[in-house]
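Listed below are the residues making up each chain.
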Amino acid sequence: MLRGRQLTVAMLSGLLVVGASTIMGVRPARAAAQTTVVNVALKPTNETDLTNYVYATVDPTSAQFHQYLTPAAFASKFGQSDGTIQSFKDYLKQYHVQVRAYSGNLALKLTATTTNLQKAFKVKAVKKGGRTTTAYQLPGQLSNKAVAVIGLYPKQSKASKVAKKATAHKHSVALTADLSTSDKPDTSLVGNAFSKKYGAAKFANAYKLNTLYNQGLQGQGQRIGIINTSDVRDSDLVTYWQQAGVNDDLSRVQHIYPVDSKAQAQKAMNVTIQASQMEATLDAQSASSVAPQAGIDLYSGDISGTHTTLPSSHYATFMTAISSNRDQQLTSSMAPGFEVASDWDDPSATVSQYSHAFNLILEQAAAQGITVFQASGDRGPYAQSGAKENHLMSTSPYQVLVGGTTLPYQKIIANKVVTVPKERAWGDTYSSPAYDTKYSSFSGGGGGFSALNPTPRYQQGVSGINTFRAINYLTFKKGKYQLTKHPHVIFGTGNSRNLPDIAGNADRQTGYASYVSGQRYTVNAKTHKAVKVSAKLWGIDGGTSFTTPQMAGANAVINSGRQTPVGFWNPQIYQFAQETDSPFNVLDDADNNDNLYYTGQPGKLYNQATGLGTINFEKLRSCLKSLK
């Protein structure tokens, strides 16, 4: 997701094309008999003990160092009791609700018709500030076990159902993906030559991962879980792998459908090329090519055949991956919404409740030794257009948030020479400002301060954390961003989770290739009617959704040479960053080094544009080995 431009389906010169994105969100209300997936996030038996255990798993001075738990052991230590789970099942069975406890006993997956779920939870619609949310009840002994109920629709009148159908996408979440059809890779290049210019070898060479390849580490024995909302065509993976000279054995790929059926997910993908398909495909191509011997698990959270909210699908998809414990690294470039309460789309869980619930399942992942990577966004501090800083859900401290950089380049763009002499934070106000100003399409790596999560313990005391230097390059006027005529420097402080944690090349100008096929619409020149045609699309693009699965692939490469997984990265990498031989290249320049707002701070280890900086994976592996 998270591309430099948002996706649109637009008429260009009479041709209906899939451009940079598509809007995805809560589906229109449908027949009452349609299935809904609702999740009940449960309290751990002791949240403080859970958090301490998570940190202890990566503390070499602790007896719990690398003592990772199985889901069964997690359930015994931190999850709700089997008796509590059975009580939920017994109660909900009366209402014909199917209940499955995710392994670990930290959450329940409920499947039923919307009507039966509304009866079970004694749902009432609550209208406030022009929004309708869900009030619900559970028996007392069960209600005090829940952190949140996610995806429970309110009861609606016939009039409100009609209105919802008409405005279903008004508050929907933009899941962006960008496959440019104007900038195409040179497919006369094959194998390593293609990979060096457009793929994994480019990433590996830039960040010293090739040294690990030379030692025979390519992700063997590892699996990478990719969280998305669409299925992927196996043929697209094979086409890309063969072009890039990567292991093209499809047996390493497994498709998993946590919400909708396989048939429905594939049906949705076959309608037309959608943003979600593009995103899922490029994520899979990026991760699998960086770790060519790793297994790939594609978790498709498609909801097209259900009446399920995106937040509920996102939670269920992550929980399915975590509880199955198949993958030592998970990556996602999707988000179920923004950290903005007024625009949150789930009717039964507030944005704060959802954040808390999501943090808990990521703590389960960390306790099991799973490293989670999440794209930070492609619009600098502004995931959603507006005058105030806002970020994508989630800024959880239990995942590695990945920011963006621009590799050095020199090009003629819009009739001017653009030069980037050294790697810098990705924040592009300079390559084509006339176009960008007109369409407000400025791009940059996500970064800044969380609206929901406090400063985690591993960030406290690190130089640059909770202080910032910024330049107001953009001004939000009349619904869009414009270049500020006289930008000035701003200094300030923060007091929450700082993001991102690390960064890597994400600029479209120095980007990567991807390939997707399927049906797309075009306009018949004679009849002027839209018709479907088969399309096979190569493109070059950028975004933190390329960099994030690449990081997961790199983690699989590191893990392939270890007895136990690396696990929860963040406490470890922040410690390494403060040591003499740090594995990070700190991008602390104050000038020409911003993500549309935040800049480096000379002499400080951290900045809110690129986090700790880019990674030297050779050094990082050595640092991790030294902890044994």
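Just above, that's the structure.
These notes cover the structure that comes with them. Remember, it's a predicted structure, so these values are computed and weren't measured experimentally. (Residues numbered from 1 in each chain as written. Predicted model: local features only at pLDDT ≥ 70, side-chain atom pairs only at ≥ 80, totals over all residues. Heavy atoms only, no water.)

Comments concerning helix α17 (residues 569-577)
Residues three or four positions apart in an α-helix share a direction because the helix packs 3.6 residues into each turn. What counts is decided by this rule: Accessible area is worked out with a 1.4 Å probe on protein chains only. A residue is then buried under 20% of its type maximum, exposed over 50%, and partly exposed in between. Helix and strand assignments follow DSSP, with helices taken as H or I runs no shorter than four residues and strands as E runs no shorter than two, numbered in order from the N terminus.
The element α17 is extensively covered by neighbouring structure, given that eight of its nine residues are classed as buried. Looking only at α17, the buried set comprises Trp569, Asn570, Pro571, Gln572, Ile573, Tyr574, Phe576 and Ala577.

Considerations on the pattern of salt bridges
We apply this condition: Criterion for a salt bridge: a side-chain nitrogen of Lys or Arg within 4 Å of a carboxyl oxygen of Asp or Glu.
This model, assessed by the stated rule, comprises eight salt bridges. A salt bridge links aspartate 594 to arginine 424, with the nearest nitrogen and oxygen atoms 3.3 Å apart. With aspartate 594 in the loop between β31 (584-585) and β32 (614-615) and arginine 424 in strand β19 (residues 424-425), this pair connects stretches of sequence that are 170 residues apart. A salt bridge links arginine 508 to aspartate 541; the nearest nitrogen and oxygen atoms lie 3.5 Å apart. Of this pair, arginine 508 sits in the loop between β28 (502-505) and β29 (512-523) while aspartate 541 is found in strand β30 (residues 530-541), placing the two residues 33 residues apart along the sequence. Through salt bridges with shared partners, a single ionic network connects Asp183, Arg508 and Asp541.

Some thoughts on the environment of alanine 201
To be explicit about the condition: The contact criterion used is simple: two residues touch if any of their non-hydrogen atoms lie within 4.5 Å.
Checked against the element boundaries, alanine 201 lands in helix α8 (residues 200-206). A relative accessible area of 11% means that alanine 201 is categorised as buried. With 89 residues separating them along the chain, alanine 201 and valine 290 place their C-alpha atoms 7.7 Å apart. With near-sequence residues (within four places) excluded, alanine 201 lies in contact with Asn192, Ser195 and Lys196.

A word on the nonpolar core
We count it as follows: Buried Ala, Val, Leu, Ile, Met, Phe, Trp, Tyr and Cys residues that are joined via side-chain atoms within 4.5 Å together make up what is termed a nonpolar core.
Tyr315, Trp569 and Phe617 are the most contacted members of the largest nonpolar core, which totals 111 residues. Once residues lying within four places of it in the same chain are set aside, the contact partners of tyrosine 315 are Asn39, Ala41, Leu106, Ala107, Ile150, Tyr354, Ala357, Phe358 and Ile361. One finds Val38, Val99, Ala120 and Ala146 within the second-largest nonpolar core, a separate group that totals 22 residues.

Concerning the side chain of asparagine 595
For the record, the criterion: Counting of polar contacts relies on pairs of N or O atoms within 3.5 Å, with two restrictions inside protein: one atom must be capable of donating a hydrogen and the other of accepting it, and residues adjacent in sequence are counted only when both atoms are side-chain atoms.
Tracing the backbone through its elements, the reader meets asparagine 595 in the loop between β31 and β32. Relative accessible area serves as the criterion here: at 0%, asparagine 595 is assigned to the buried category. Of the polar contacts made by the side chain of asparagine 595, one reaches the backbone nitrogen of tyrosine 598; its length is 2.9 Å. Each residue touching asparagine 595, except ones within four places of it in the same chain, is listed here: Gly380, Pro381, Ala425, Trp426, Gly427, Gly445, Gly446, Gly447, Gln608 and Ala609.

Quick word on the environment of threonine 371
With respect to the helices and strands, threonine 371 occurs in strand β15 (residues 371-375). A relative accessible area of 2% places threonine 371 in the buried class. For the pair threonine 371 and valine 566, spaced 195 residues apart in the sequence, the C-alpha separation amounts to 7.3 Å. For threonine 371, the contacting residues outside a window of four places in its chain are Gln328, Gln329, Leu330, Val400, Asn555, Gly567 and Trp569. Of note is the side chain of threonine 371, whose polar atom sits 2.6 Å from the backbone oxygen of glycine 567.

Side note on unusual backbone geometry
A cis amide bond links methionine 393 to the next residue, serine 394, at an omega of 20°. Secondary-structure assignment places serine 394 in the loop between β15 and β16 (400-406). Leucine 499 connects to proline 500 through a cis peptide bond whose omega is 5°. Mapping proline 500 onto the fold places it in the loop between β27 (496-499) and β28. At asparagine 105, a position not held by glycine, the phi torsion is positive, near 55°. Positioned with a positive phi, asparagine 592 is a non-glycine residue whose angle comes to about 50°. Turning to its location among the elements, asparagine 592 is positioned in the loop between β31 and β32.

Thoughts on the sheet that holds strand β4 (residues 35-42)
How we decide: One bridge is not enough; two strands pair if DSSP finds at least two bridges between them. Axis lines are fitted through C-alpha atoms, for helices just across the contact stretch, and the angle between N-to-C directions can take any value from 0 to 180 degrees.
Taken together, four strands build an open sheet; the order of strands is β5-β6-β4-β9 and the sheet is antiparallel. For this open sheet the edge positions go to β5 (98-101) and β9 (146-150), each flanked by a neighbour on one side alone. Neighbour to neighbour, the strand axes of the sheet diverge by 20° on average, direction disregarded. Taken strand by strand, helix α13 (residues 310-324) contacts β4, β5, β6 (107-113) and β9, and its axis lies near 65° from that of β4.

Some thoughts on the pairing of strand β17 (residues 409-413)
Sheet topology places β17 next to strand β18 (residues 416-420); five bridges connect them, and they run antiparallel. From the neighbouring strand, isoleucine 413 faces β18, where its bridge partner is lysine 416. In textbook terms, the turn of a hairpin is the stretch between consecutive antiparallel strands, and for β17 and β18 this stretch comprises two residues, one of which, alanine 414, has a positive phi near 55°.

Spatial relationships are all this shows, so hold off on functional conclusions.
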